[in-house]
Amino acid sequence: MKQFISGIFALLVVIGCKEQKQEEEMPAVNDEQVQEMAYMDYGAKFSNSDVLDATELGTMYSTMKVGDTTSVKVKGTIADVCVKKGCWIKMPVGAASATVKFKDYGFFLPKNGKGKEVILSGKAFKDITPVDELRHYAEDAGKSKEEIEAITEEEVTLSFIADGALVEKFDNPDVEGASKTEE
C-alpha cells in the first residue's frame, strides 16, 4: 500500500512539473503589440517608443522661456476636452496643465475622452494666450458666462501642437470629422 501511495505521489509530482513547464514555455506577448491593440490612432503615425511621462514634460516646461520649443512624445491623461469638436485637450504636466491643439486642425480627439490615457507626438512650447482666446477655450469647455467674463488678462500657457495621438481604446468614442483611423 505504501508503494502504491508513493507511486501516485510521484506521478502527481511529474504531472505537476510538466504542466508548470508548459506554462513557462508559452511565448511572451510583446509590450508593443499590447500597446498597439490598446490605442486608437489619430493624425500622423508615430512610434510609441521613447515616450516621456507627463510629469517629465512638466519639468521641461519649468525651464522653458516664452518662445522655446522642443519636439517630444509624451504620455498623460486627458483632463479636459473641447466638448464641441474635440479640437483641443488639457493634459496635466505636473502641477500645471498643457493646452494641446492638433496640427493644422487636421484631426480631433474624442469629445468623451476625458480621463483616458493619451500619447502625443509633437512640439511643446510656452506661449502667451490672449484674453479672447482664453475666453473661447472657457466657452468650449462649457464654463458659465460669469466664469468667461472673469477672464481679463492674457496668460503664459504651456502649449503643445500634436501631429499625432494615440488614445486609450474605449467603446463609442465621439469624434468629429473623419480623420480618425483605428488599428
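S.K.: Give a detailed account of the packing of aromatic side chains, specifying residues and quantitative values.
M.R.: On inspection of all chains with the given rule, the structure shows three aromatic pairs. Both rings, one in tyrosine 105 and one in phenylalanine 108, keep their centres 4.9 Å apart while their planes meet at 80 degrees; by these two values the pair is edge-to-face.

S.K.: A description of the environment of threonine 77 should follow, citing residues and the corresponding values.
M.R.: As for its placement among the helices and strands, threonine 77 is situated in strand β3 (residues 69–77). Relative accessible area serves as the criterion here: at 38%, threonine 77 is assigned to the partly exposed category. In the structure, threonine 77 is positioned 16 residues away from valine 93 in sequence and 9.3 Å away in space, judged by C-alpha atoms. If we skip the residues at most four places from it in the chain, threonine 77 touches Lys90, Met91, Pro92, Gly115, Lys116, Glu117 and Val118.

S.K.: A description of the environment of lysine 65 should follow, citing residues and the corresponding values.
M.R.: For lysine 65, the position within the fold is in the loop between α3 (54–63) and β3. In this structure the C-alpha to C-alpha distance between lysine 65 and phenylalanine 125, which are 60 residues apart in sequence, comes to 8.3 Å.

S.K.: Tell me about the side chain of threonine 129, and please be specific about residues and values.
M.R.: Structurally, threonine 129 can be placed in strand β7 (residues 117–129). Classification of threonine 129 as buried rests on a relative accessible area of 5%. For threonine 129, the side chain forms a polar contact with the side chain of threonine 157, separated by 2.7 Å. When sequence neighbours within four positions are dropped, the list of residues in contact with threonine 129 reads Leu134, Tyr137, Glu154, Glu155 and Thr157.

S.K.: I'd love a proper account of the pattern of salt bridges, names of residues and values included.
M.R.: Tallying each qualifying case throughout the model produces five salt bridges. Taking the shortest distance from any N to any O, the salt bridge between aspartate 41 and lysine 45 comes out at 2.5 Å. Given a relative accessible area of 57%, lysine 45 falls into the exposed group. Salt-bridge contacts for lysine 111 lead to aspartate 174; the nearest nitrogen and oxygen are separated by 3.8 Å. With lysine 111 in the loop between β6 (96–102) and β7 and aspartate 174 in the loop between β8 (155–168) and β9 (180–182), this pair connects stretches of sequence that are 63 residues apart.

Rules used throughout
Residues numbered from 1 in each chain as written. Predicted model: local features only at pLDDT ≥ 70, side-chain atom pairs only at ≥ 80, totals over all residues. Heavy atoms only, no water. Phe/Tyr/Trp six-rings, centres within 6.5 Å; stacked < 30°, edge-to-face > 60°. Helix = DSSP H or I, 4+ residues; strand = E, 2+ residues; numbered from the N terminus. Buried < 20%, exposed > 50% of the residue type's maximum accessible area, 1.4 Å probe, protein only. Contact = heavy atoms within 4.5 Å. Polar contact = N/O pair within 3.5 Å; in protein donor to acceptor, adjacent residues only side chain to side chain. Salt bridge = Lys/Arg side-chain N within 4 Å of Asp/Glu carboxyl O.

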